[in-house]
2 protein chains.
Amino acid sequence: MSDPRIANLARTLVNYSIRGQSRETISIGGNSVAEPLIQAIYEELLRKGVYPIVQMTPERATDAFFELGKKHHFNELPSYQKSLIRQLDGTIRIISDTNTRALSGVDPKKQQMLSKASKPVREQMLKKKWVLTLFPTAAFAQDAEMSLGDFEDFVYAATFSNEKDPVKAWHSLASMQDRLIRKLRGADEIRIKGPETDLRMSVKGRRFINSAGTHNMPSGEIFTGPIESSVEGHVYYDFPVCVQGREVDGIRLTFRKGRVVEATAEKNNDFLNAMLDQDPGARRLGELGIGTNRQIQRFTKNILFDEKIGGTVHLAVGQSYAETGGKNRSALHWDMIKDLRKGGQITVDGKVFQKNGKFV
Amino acid sequence: MSDPRIANLARTLVNYSIRGQSRETISIGGNSVAEPLIQAIYEELLRKGVYPIVQMTPERATDAFFELGKKHHFNELPSYQKSLIRQLDGTIRIISDTNTRALSGVDPKKQQMLSKASKPVREQMLKKKWVLTLFPTAAFAQDAEMSLGDFEDFVYAATFSNEKDPVKAWHSLASMQDRLIRKLRGADEIRIKGPETDLRMSVKGRRFINSAGTHNMPSGEIFTGPIESSVEGHVYYDFPVCVQGREVDGIRLTFRKGRVVEATAEKNNDFLNAMLDQDPGARRLGELGIGTNRQIQRFTKNILFDEKIGGTVHLAVGQSYAETGGKNRSALHWDMIKDLRKGGQITVDGKVFQKNGKFV
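Once a new chain begins, its residue numbering starts again from 1 and follows that chain's sequence as written. Throughout, the order in which chains and ligands are written sets their labels, letters from A for the former and numbers from 1 for the latter. In view of the model being predicted, local features appear only for residues whose pLDDT reaches at least 70, and side-chain atom pairs are presented and counted only at 80 or more, with totals across whole chains, interfaces and linings using the full set of residues. Water and hydrogen atoms play no part in the side-chain values, which are based on all heavy atoms of the structure.

1. Here's the deal with the overall build of chain A
Each helix and strand counted, chain A has twelve helices and 20 strands in total. For a compact globule the rule gives 2.2 Å times the number of residues to the power 0.38, and the radius of gyration it is set against comes from C-alpha atoms. Taken over the C-alpha trace, chain A has a radius of gyration of 20 Å; the compact-globule value for 360 residues is 21 Å, and the two agree within 12%. Expressed as lengths along the three principal axes of its C-alpha atoms, the size of chain A is roughly 50 × 50 × 40 Å. The buried share among the 360 residues of chain A stands at 56%. Computed with the Shrake-Rupley method and a 1.4 Å probe, the accessible areas treat only the protein chains shown as cover for residues. Within the structure as shown, chain A displays about 15600 Å² of accessible surface, and the carbon and sulfur contribution to it stands at 48%. Once the 53 positive and 43 negative side-chain charges of chain A are each reduced to a mean point, those two points are 6 Å apart. Numbering of helices and strands runs from the N terminus; a helix is a DSSP stretch of H or I covering at least four residues, while a strand is a stretch of E covering at least two. Exposed residues in this analysis have more than 50% of their type's maximum accessible area, buried residues have under 20%, and partly exposed residues fall in between, with area computed by a 1.4 Å probe over protein chains only. All tallies of charge rest on Lys and Arg as positive and Asp and Glu as negative; His and the ends of each chain are not included. A single reference atom marks each charge: NZ on Lys, CZ on Arg, CG on Asp, CD on Glu.

2. Some words on the environment of Phe66(B)
Residue and element names in this part refer to chain B. Along the chain, Phe 66 falls in helix H3 (residues 61–68). Note on Phe 66: relative accessible area 9%, which makes it buried. Taking the C-alpha atoms as reference points, Phe 66 and Asp 107, separated by 41 residues in sequence, lie 8.5 Å from one another. We call two residues contacting when some pair of their heavy atoms lies within 4.5 Å. Filtering out sequence-adjacent residues up to four positions away, Phe 66 remains in contact with Phe 74, Leu 103, Val 106, Lys 110, Gln 111 and Leu 114.

3. Observations concerning the relation of the copies chain B and chain A
Each of the two chain copies goes to the other by way of a rotation about an axis and a shift along it. The fit set for superposing copies consists of C-alpha atoms from residues with pLDDT of at least 70 in both; the fit itself is least squares. Between the two copies, chain B and chain A, the superposition gives an RMSD of 0.1 Å; the rotation angle is 180 degrees and the shift along the axis is 0.1 Å. Such a combination of turn and shift is consistent with a two-fold rotation axis. In terms of proximity to the rotation axis, the leading residue of chain B is Met56(B), whose C-alpha is 2.7 Å off the axis. When the interface residues of chain B are mapped onto chain A, 100% of them are again interface residues, pointing to one common binding face.

4. Things to note about the domain arrangement of chain A
Residues and elements named next belong to chain A. Here the domain parsing of chain A yields domain 1 (4–162) and domain 2 (172–359). Centre-to-centre separation of domain 1 and domain 2, based on C-alpha positions: 26 Å. Contacts between domain 1 and domain 2 engage 24 residues on the former and 19 residues on the latter. Taking both sides of the interface into account, the surface hidden between domain 1 and domain 2 amounts to around 1900 Å²; carbon and sulfur atoms contribute 63%. How far each domain reaches was decided by an automatic or database domain assignment. Accessible-area loss on putting two parts together, using a 1.4 Å probe and summing over both, is the definition of buried area adopted here.

5. What to know about the packing of aromatic side chains
Stacked, tilted and edge-to-face are the three classes applied to pairs of Phe, Tyr and Trp rings, where Trp contributes its six-membered ring and a pair requires centres within 6.5 Å; stacked means planes under 30 degrees apart, edge-to-face means over 60, and tilted covers the rest. All told, the structure shown has 26 aromatic pairs over all chains when counted by the stated rule. Residues Tyr16(B) and Trp170(B) carry aromatic rings whose centres are separated by 6.5 Å and whose planes lie at 25 degrees to one another, so their mutual orientation is stacked. Taken together, the residues Tyr16(B) in helix H1 (residues 4–17) and Trp170(B) in helix H10 (residues 166–183) connect sequence positions 154 residues apart. For Trp170(B), a relative accessible area of 0% gives the class buried. Judged by centre distance (5.2 Å) and plane angle (50 degrees), the ring pair of Phe154(B) and Phe305(B) falls under tilted. With Phe154(B) in helix H9 (residues 148–158) and Phe305(B) in helix H12 (residues 303–306), the pair connects residues that are 151 residues apart, well separated along the chain. No difference in accessibility class separates Phe154(B) from Phe305(B), as the two residues are buried. Through a chain of ring-to-ring contacts, three or more aromatic side chains come together here, namely Phe140(A), Phe151(A), Phe154(A) and Phe305(A). Taking NZ or CZ as reference, Arg246(A) lies 4.1 Å from the ring centre of Phe271(A), over its face. Sitting over a ring, as applied to charges here, requires NZ of Lys or CZ of Arg to be within 6 Å of the ring centre and within 35 degrees of the ring normal.

6. Brief notes about the side chain of Ser17(A)
Residue and element names in this part refer to chain A. Along the chain, the position of Ser 17 falls in helix H1 (residues 4–17). Under the relative-accessibility criterion, Ser 17 is labelled buried at 2%. Other than its neighbours up to four places away in sequence, Ser 17 contacts Thr 12, Val 131, Gly 213, Thr 214 and Met 217.

7. Here's the deal with the interface of chain B and chain A
Of the residues lining the interface, 37 residues belong to chain B; the matching set on chain A comes to 37 residues. Across the chain B to chain A interface the summed buried area is about 3300 Å²; carbon plus sulfur atoms make up 61%. Among the residues chain B hides against chain A, the three largest losses belong to Leu46(B), Tyr51(B) and Tyr80(B). Together they make up 19% of the total. Just to be clear on terms, a salt bridge is a Lys or Arg side-chain nitrogen sitting within 4 Å of an Asp or Glu carboxyl oxygen. Here chain B and chain A share two salt bridges between them. Whenever a nitrogen or oxygen atom comes within 3.5 Å of another N or O atom, the pair is scored as a polar contact, on the condition that within protein one atom can donate a hydrogen and the other can accept it, and that pairs from neighbouring residues in sequence are kept only if both atoms are in side chains. Inspection of the region where chain B meets chain A yields 26 residue pairs in polar contact (both at pLDDT 80 or more). Taken together, the elements giving at least two residues each to the side of chain B that touches chain A come down to helix H2 (35–47), strand E2 (51–57), H3, helix H4 (71–75) and helix H5 (79–87) of chain B. Broken down by element, the side of chain B that touches chain A gets its largest block of residues, seven residues, from H2(B).

8. Topic: the sheet that holds strand E15 (residues 285–291) of chain A
All names here are of chain A. When DSSP finds two or more bridges between a pair of strands, those strands are recorded as paired. Pairing is antiparallel in the open sheet, where five strands are placed in the order E7-E9-E15-E16-E17. Here the strands that pair on one side only, and so sit at the sheet edges, are strand E7 (209–211) and strand E17 (333–339). The mean inter-strand angle of the sheet, taken between neighbouring strand axes irrespective of direction, is 25 degrees. Direction of pairing for strand E9 (residues 221–224) relative to E15: antiparallel, over a ladder of four bridges. Bridge assignment links Ile 222 to a residue of E15, and that residue is Ile 290. In this description, a line fitted to the C-alpha atoms serves as the axis of each element, helices being fitted only across the stretch in contact, and the angle between N-to-C directions of two axes falls anywhere from 0 to 180 degrees. Across the sheet, helix H10 (residues 166–183) touches E7 and E9, and the angle it forms with E7 is around 160 degrees.

9. Re unusual backbone geometry
The bulk of non-glycine residues show a negative phi, and the bulk of peptide bonds are trans. For the bond running from Met217(A) to Pro218(A), omega is 5 degrees, close enough to zero to count as cis. By the secondary structure assignment, Pro218(A) is in the loop between strand E8 (216–217) and E9. The phi torsion at Lys301(A) lies on the positive side, around 60 degrees, for a residue other than glycine. With respect to the element layout, Lys301(A) can be found in the loop between E15 and helix H12 (303–306). Residue class for Lys301(A) comes out partly exposed when judged on its relative accessible area of 23%. Positive phi, close to 75 degrees, is recorded for Arg23(B), a residue that is not glycine. Looking at where Arg23(B) falls in the secondary structure, it is placed in the loop between H1 and strand E1 (25–31).

10. Side note on the pairing of strand E15 (residues 285–291) of chain B
All names here are of chain B. Within E15, seven of the seven residues are buried, leaving the element largely enclosed by the surrounding structure. Two strands pair when backbone bridges link them, and E15 and strand E16 (residues 312–318) are joined in this way by five bridges, in the antiparallel orientation. Pairing of Ile 290 across the sheet is with Val 313, part of E16.

Written out as structure tokens, the structure is:
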């Protein structure tokens, strides 16, 4: 018998995240390692009367694509991809890497070309219903320094898939976040204090977004884009940023008038500064997010989970999200996570909003 | 290391069967059990500059579709399927059943509805480049009463994938078949004799088609549609017909003026006669095929291989192929195989064309 938590996760994705309706066309993308989850989602979509499109790729297709693809494979999408996206009502995408560093040796130019070529399709995709989730693999467990069994427990707890009624649990988290957002209405200054950290910023007139499992599964965060010129102070990030097969660890940033004027990392310092120098927006904050998912308590080097750790905030340098009112533009969006569970504090216009990772 | 014969088969399919060209869009369809072959074809298509579309489905997707699908899933295709087929230059389809009887319990009405709904897309598909092949699985080996290893040897021998230059071997088979077809030019009466068998038919004005691995991999047959009213005599089929999870064994047919006037089977006799009674064309021959593939010597209950056994003929009741000049119309097309390797003979206008399965 297959893991009943997989069927539970499939039900959450179809009935809560993507809200599949009869006669809609919804794609399920992922590699073959995620087949048990793909099958379960396929079945649940059929039950709802949806036309499911399975876009399952061989485990090593992406490696082959970057190794063997010709120039036109990277800078021109075939026409069917453009027409397909127009006919989709939604997409469910599953990440299930069997090697999180598989693309370490790929020329970044190929990735940039492909990213540019697929931008119109990606933008179309984001206008439809969409959700991103993860199927537990040994590679993710390895990054998290856990056994696969323990990592599965972690993933299914974080997605509420081990609960009797996961959809109810997600609705309840959404309501809790609504209450937090209501408390933040009209707020101006947010101040984050903690070990080696004292950072102030204004969120005046900006919107907080309630992220409760419709686009990311799991989710559990509220986020906004701070006033770009308002950020002042210094911050020490407890967790490394893991990107492009590299870990940037022990990051310290100092902001003046919204701009990072000093940036150091204990590991990969040069890489950090190169990334911040790529365009003017890369040295400004694009996002302030507050993690609320109490089922995520440990760092696993996977941003889908890490940024939602209940009791942390994440501050992303680079591109902001338009729906928050944020105006920062950059090719970068790097989430950096600050743990507030031990001696941290968030105050809003001078009043304590969260202490030691717990909302007051 | 994966089986080098898989990469060989992939090269044959891409370079010989489908002749992939730069910037074409070609789909690869199959279930996840065939992943090693799908990956190898994907890589070979990339090398040729083709845009590959992988349409890999979970092993149990079809079971779920028939079990859980709503009425509209069977009688209406989603619009993207229609637009996708228009944008394809070719399709490579792999069968890789993990259970050849998985659909035994499915209501045949659902299959008929789906077959009808997908007819326009299927017809479009057949106007493009297409090839059908098989990836060896335990289920096919089981039907063939072989171990998986032996069945793999059989499949890769039949597709010439264990040869140094499979494409050259296919070209050579095509030339040999061309010579046979030239010998048959202007032929009128074909007579097939063997144990319990003496059957005459006219092929006057009809065309023989050279099937040498472009649409079926493996192939190795030449076929035509006999003059519908000309078939006279009786035939005993040595191998069972395996269809819809049933085996019809020990079939004997008697033809008068082209029509089956008597049909008996030692096993599933009622089913045989019900099938022949479904429409007027079902009691007439639609095809005479002559198998030529010397690497296929044993019956495996899989028509992709069986009808190509070197030294056999197959006589299909029902629908004929338009390209042969055949005019028979029927919802049925049942290939029945007659072994001529022991005491059989084909004569063309009184001259021996094949004896004991060997061309003279």
